[in-house]
Amino acid sequence: MTVSRPPLNGFAPYATGDFSSPAVISCSPRSGGNSDDAAAFFREGIRQAGGRSQLFFLRDFSIHPCQGCIRCAQDPRGECYLSDQDQSAQLFQALLAAPSIFISSPIYFYHVPAQFKAWIDRSQSYYLRKENQDPVMQKLAARPAIINLVAGRPQGERLFEGALLTLKYFLKTFNFHIQEQHVFRGIDNADDLRGRSDARETLISAGSHAWTQLSA
Ligand SMILES: Cc1cc2nc3c(=O)[nH]c(=O)nc-3n(C[C@H](O)[C@H](O)[C@H](O)COP(=O)(O)O)c2cc1C
């Protein structure tokens, strides 16, 4: 049986807007902290290279956690029923359409914060669409992702391992491959990253390179 459903939150199920510039997604619940600064440095690099980017703060989006009901597997359009009730689909548009992506996040208990993980879990419906040969998911271009993670602990070999593994497979659904990953330890107070000139330079340079690569 085919059920006709209205567009999600006034947005088409797949991106139709101007997503011609890199998407920069800052994923900390804390406003004005290190993840936001990392995003700002990266954007500054893009700007210096003559480019533009789109900034998203994950905390500004209402995202309900996955219920594990797998109703998306039965939905004619492969959509999660919660997409009518929150703003997760708007944020997924960036992953569907942006030519490259920068994600910055803190480490919370050796992983990403709950809000970010909730969004990641909600990608299950997109994962299933891809598995089921959805033409839009199948045709997504291979694109680069740049990851920046910060953590308060000054040490720890495996501090970023869990988050990076999850991000690799989350992004794979959307045909992103992690081209660069930057991790900074001992970053705890909201202004710690600002005080690290190496981080600033690395991220500005990464932003410039990302834009140059796109426009090459
Ligand atoms: C709930 C919570 C859990 C945290 N867990 C860890 C952790 O497991 N390892 C660590 O090194 N830092 C941990 N931190 C510290 C944050 O990673 C650190 O403060 C980071 O700089 C915050 O980034 P932000 O400024 O972008 O919010 C935690 C902080 C909070 C609030």
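Conventions we followed
- Residues numbered from 1 in each chain as written.
- Predicted model: local features only at pLDDT ≥ 70, side-chain atom pairs only at ≥ 80, totals over all residues.
- Helix = DSSP H or I, 4+ residues; strand = E, 2+ residues; numbered from the N terminus.
- Contact = placed C-beta atoms within 7 Å.
- UniProt positions renumbered as here; feature names shortened; annotations may be inferred.
- Pairing = 2+ DSSP bridges.
- Axes fitted to C-alpha atoms, helices over the stretch in contact; angles between N-to-C directions.

1. Examining the environment of Phe61
Mapped onto the elements, Phe61 comes out in the loop between β2 (54-57) and α2 (88-97). Here the alpha-carbon distance between Phe61 and Leu165, two residues 104 residues apart in the chain, equals 24 Å. Those residues in contact with Phe61, other than ones at most four positions away along the chain, are Gln87, Ser88, Gln90 and Leu91.

2. Quick notes on the UniProt feature "domain: NADPH-dependent FMN reductase-like" (unreviewed entry) in the chain
Under the UniProt annotation, the feature "domain: NADPH-dependent FMN reductase-like" (unreviewed entry) is placed at residues 23-157. In this annotation, residues 23-157 is assigned 33% helix and 16% strand; the end-to-end C-alpha distance for the span is 29 Å.

3. Details of the sheet that holds strand β5 (residues 176-184)
As a general point, the strands of a sheet are linked pairwise by backbone hydrogen bonds and lie either parallel or antiparallel. Ordered by their spatial adjacency, five strands build an open sheet running β2-β1-β3-β4-β5, and the pairing between neighbours is parallel. One side of each edge strand has no neighbouring strand; the edge strands of this open sheet are β2 and β5. The average undirected angle you get between the axes of adjacent strands in this sheet is 15°. Where strand β3 (residues 101-106) meets strand β4 (residues 143-150), six bridges bridge the pair, whose relative direction is parallel. Each residue of the ladder has a partner; that of Phe102, found in β4, is Ile146.

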